[in-house]
Protein chains: 2
Amino acid sequence: MTAYEMLSENAALVEDALKQYIVQQGSLTQALTDAMRYSVLDGGKRVRPTLTMECCHICGGESKKALPFACGVEMIHSYSLIHDDLPCMDNDLMRRGKPSTHAKYGEATALLAGDALLTLAFEVLCDPINPLEASVEAVRELSRAAGYQGMVGGQIIDLESENKSVDAQTLRAMHAGKTGALIAAAASLGVIAARGNKIQLEACRQYALHLGLMFQITDDILDATVDSSALGKTAGKDLKQHKSTYVTLYGLKEARKMAEKQTNLAIEALHPFGQKGQQLADLAHLLCNRNQ
Amino acid sequence: MTAYEMLSENAALVEDALKQYIVQQGSLTQALTDAMRYSVLDGGKRVRPTLTMECCHICGGESKKALPFACGVEMIHSYSLIHDDLPCMDNDLMRRGKPSTHAKYGEATALLAGDALLTLAFEVLCDPINPLEASVEAVRELSRAAGYQGMVGGQIIDLESENKSVDAQTLRAMHAGKTGALIAAAASLGVIAARGNKIQLEACRQYALHLGLMFQITDDILDATVDSSALGKTAGKDLKQHKSTYVTLYGLKEARKMAEKQTNLAIEALHPFGQKGQQLADLAHLLCNRNQ
């Protein structure tokens, strides 16, 4: 199986499971469930849930146990995009080639759909298919990664850094929070679902941290080099908002080198898994060479 | 101990614990932790966490086991107030007698502080002081109550009902979600912390559901009869926004009767606890007769 096939297969599994978790409750709340489904279904590369599924797999776990965790991670990711697109944040009307959630459903409904997805993520982690210990570890890991010491912390650094040039250390801290923490948690949750050991946990986390950094650098490169229609979201945004990125800080050529280095480090981290790690290694190459 | 003393004592315990949970991480994210602390500390009557603490107590549990659950509930309540006050929602500049969070810290930071408190709530529920089973039950209960089938669901009904008159059934569904679900969860979490039995759980939930409805009716009465400075938040808001309330739907006199009836039903539900339920009964009277 190629990395692309692995992504597609897991995306289909996650899509089905997400549909089951968001149940229409009646006409009074239909706008809310519509907006939740609009945001979380049928979009994105599903990189994070694929990490959860595949890290579970290479640790010898069953995929059905990783599935609720993968859905929880994707709900957190979706909520963060909804809130990030809001007028008081990035004010972005386009996401994944279609109107962003507030552009389609209005600001208030989008805000609430984000809140609801964030909340639902934790309910889903407690799916009884997993033992209590795994659920509690997953809730701890995901809440830490997504919260003020992780993703939301990265968002506030981003916000405070707008319209000023920041140093490499701040940029790194921002991305470690904004994207790195959730990607690392996605991998950890796969290991937790498999009840993997400490060596496996550390290897998967290292892989994910390097992958996450590479992903961010590549994002910055794409923002600077590809137009909006090809990207499926607003391009050139960073430059327009005077944001410091890996491209503005290091230049395009150096940024490309950095992305490649992180790809190699990610692949090296998979060493303990031997041949089993091949698809995750391929995934790293695939994401480094993506064009959207 | 009077109900007022019980509220004060629990408020102090919860205040201390909340401070411990929100740790300053360094200068880069200081705006975020400041806004979180501003929103969650030193404010409110702490009715919900008191319910958690006291329901644990009357079920024979230790208060230190209920404390993380009480804090989780209060974080959810605080986040909901922050997001509810945002310009795209109620656009309210005043809360608990001081500027609302976005009025003080700006919209984006307020949005993120709300997200961070919501996320932290679930981490706190997994405090290792409680057995795994209790934590998982608490996460399930609180996420369901706070999510699209509960509190956020009630918010969207509220939103969709703006500027039109709604029927009694819709008003009831709105409040069951907006306030009832979280108040009932607050009580349930106390029973869960005490590892109470089904009869205790049902009694505490019934008490809380009636208390919650009474609380909402009283809120509507206060909004229509007390001025902003006495209320500590913007008064007359419902009328100005053409919202249907228990007062607009039934009139002031009938609304007062309904509040009293719910108070009595709340107290009746405490029957299985005998004399132990006295303080919660007093609390119901206190809240029914409050003036802010």
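Quick note: structure is the one above.
Calculation criteria
- Residues numbered from 1 in each chain as written.
- Chains lettered and ligands numbered in written order.
- Predicted model: local features only at pLDDT ≥ 70, side-chain atom pairs only at ≥ 80, totals over all residues.
- Heavy atoms only, no water.
- Helix = DSSP H or I, 4+ residues; strand = E, 2+ residues; numbered from the N terminus.
- Buried < 20%, exposed > 50% of the residue type's maximum accessible area, 1.4 Å probe, protein only.
- Contact = heavy atoms within 4.5 Å.
- Areas by Shrake-Rupley, 256 points an atom, 1.4 Å probe, with all protein chains shown as cover.
- Lys, Arg positive; Asp, Glu negative; His and termini not counted.
- Charge placed at Lys NZ, Arg CZ, Asp CG, Glu CD.
- Core = buried A, V, L, I, M, F, W, Y, C linked by side-chain atoms within 4.5 Å.
- Axes fitted to C-alpha atoms, helices over the stretch in contact; angles between N-to-C directions.
- Parallel < 35°, antiparallel > 145°, perpendicular 65-115°, else oblique.
- Left-handed = near helix turned anticlockwise from the far one by under 90°.
- Nonpolar A, V, L, I, M, F, W, Y, C, P; charged D, E, K, R; others polar.
- Least-squares fit on C-alpha atoms with pLDDT ≥ 70 in both.
- Buried area = accessible area lost by both parts, 1.4 Å probe.
- Salt bridge = Lys/Arg side-chain N within 4 Å of Asp/Glu carboxyl O.
- Phe/Tyr/Trp six-rings, centres within 6.5 Å; stacked < 30°, edge-to-face > 60°.
- Disulfide = S-S within 2.5 Å.

Trainee: Just to check I follow, could you spell out the overall build of chain A for this structure?
Mentor: When you go through chain A residue by residue, the secondary structure sums to 15 helices and 2 strands. Principal-axis analysis of the C-alpha atoms gives chain A an extent of 50 × 50 × 35 Å. Burial statistics for chain A: of 292 residues in total, 60% are counted as buried. Residue pairs in contact within chain A that sit at least 24 positions apart in sequence constitute 74% of those at least 6 positions apart. Carbon and sulfur atoms provide 51% of the accessible area of chain A, an area that totals close to 11300 Å². Within chain A, one finds 29 positive and 34 negative side-chain charges whose respective centroids are separated by 2 Å.

Trainee: Got a minute to help me understand the nonpolar core in this structure?
Mentor: Of all hydrophobic cores here, the largest spans 195 residues; its most connected members are A:Ile76, A:Tyr207, B:Ile76 and B:Tyr207. Residues within four places of A:Ile76 in sequence aside, it is in contact with A:Leu118, A:Ala121, A:Phe122, A:Leu142, A:Ala146, A:Met151 and A:Leu182.

Trainee: I'm lost on the environment of A:Glu107 in this one. Help?
Mentor: All names here are of chain A. With respect to the element layout, Glu 107 can be found in helix H6 (residues 107–125). For Glu 107, a relative accessible area of 27% puts it in the partly exposed group. When the C-alpha atoms of Glu 107 and Pro 87 are compared, they prove to be 8.0 Å apart, with 20 residues separating the residues in sequence.

Trainee: Explain the packing of helix H4 (residues 63–85) of chain A against helix H9 (residues 168–193) of chain A here, please?
Mentor: Any two packed helices are characterised by the angle at which their axes cross and by the distance between the axes. Residues and elements named next belong to chain A. Interaxial distance between H4 and H9 falls to 8 Å at its minimum, and their mutual angle equals 165°. The angle between H4 and H9 places the two elements in the roughly antiparallel class. As H4 runs across H9, the sense of the crossing is right-handed. Residues Lys 65, Ala 66, Phe 69, Val 73, Ile 76, His 77 and Asp 84 of H4 form the contact with H9, whose participating residues are Lys 178, Leu 182, Ala 186, Leu 189, Ile 192 and Ala 193. Split into classes, the residues belonging to the contact of H4 with H9 amount to 9 nonpolar, 1 polar and 3 charged.

Trainee: Where do I start with the relation of the copies chain B and chain A in this structure?
Mentor: Comparison of the two chain copies shows a relationship of rotation about an axis with a shift along it. After a rotation of 180° and a shift along the axis of 0.0 Å, chain B superposes on chain A with an RMSD of 0.0 Å. These values place the two chain copies in the arrangement generated by a two-fold rotation axis.

Trainee: Help me understand the interface of chain B and chain A in this model?
Mentor: As a measure of interface size, the accessible area lost when the parts come together is often cited. Facing 51 residues of chain B, the contacting portion of chain A comprises 51 residues. Buried area between chain B and chain A, both sides added, is near 4400 Å², and the carbon and sulfur share of it is 75%. Our enumeration of links across chain B and chain A arrives at 2 salt bridges. A:Glu123 is the partner of B:Arg144 in a salt bridge, and the nearest nitrogen-oxygen pair spans 3.2 Å.

Trainee: I tried to follow the packing of aromatic side chains on my own but got confused; where do I start?
Mentor: One pair of aromatic rings is described through two measures. These are the centre distance and the angle between the planes. Residue and element names in this part refer to chain A. The full count for this structure, using the stated rule, is 5 aromatic pairs over all chains. Between Tyr 246 and Tyr 250 the ring centres are 6.0 Å apart and the planes differ by 10°, which places this aromatic pair in the stacked class. Taken together, the residues span about one helical turn, with Tyr 246 and Tyr 250 both in helix H13 (residues 246–250) at a distance of 4 residues. What makes Tyr 246 buried here is its relative accessible area of 3%.

Trainee: I keep staring at the state of the cysteines and nothing clicks. Help me out?
Mentor: The bond known as a disulfide is covalent and runs between the sulfur atoms of two cysteines. Tallied over the full model, the rule gives 0 disulfides over all chains. Of the cysteine sulfurs around A:Cys126, a residue in no disulfide, the closest is that of B:Cys126, at 6.8 Å. Residue A:Cys126 is classed as buried on the basis of its relative accessible area, which comes to 2%. This cysteine, B:Cys59, is not joined by any disulfide, and B:Cys204 carries the nearest cysteine sulfur, 4.4 Å off.

Trainee: I'm lost on the pattern of salt bridges in this one. Help?
Mentor: Opposite charge on two side chains allows them to pair when their charged atoms are near. Residues and elements named next belong to chain A. Counted under the stated rule, the structure contains 20 salt bridges over all chains. Here Asp 85 makes a salt bridge to Arg 95, at a shortest N to O gap of 2.9 Å. With a gap of 10 residues between them, Asp 85 in helix H4 and Arg 95 in strand S1 (residues 94–95) connect regions that are remote in the sequence. Residue Arg 205 is joined to Glu 141 by a salt bridge in which the shortest nitrogen-to-oxygen separation is 2.8 Å. Within this pair, whereas Arg 205 is found in helix H10 (residues 198–225), its partner Glu 141 is found in helix H7 (residues 132–146), the two being separated by 64 residues in sequence.

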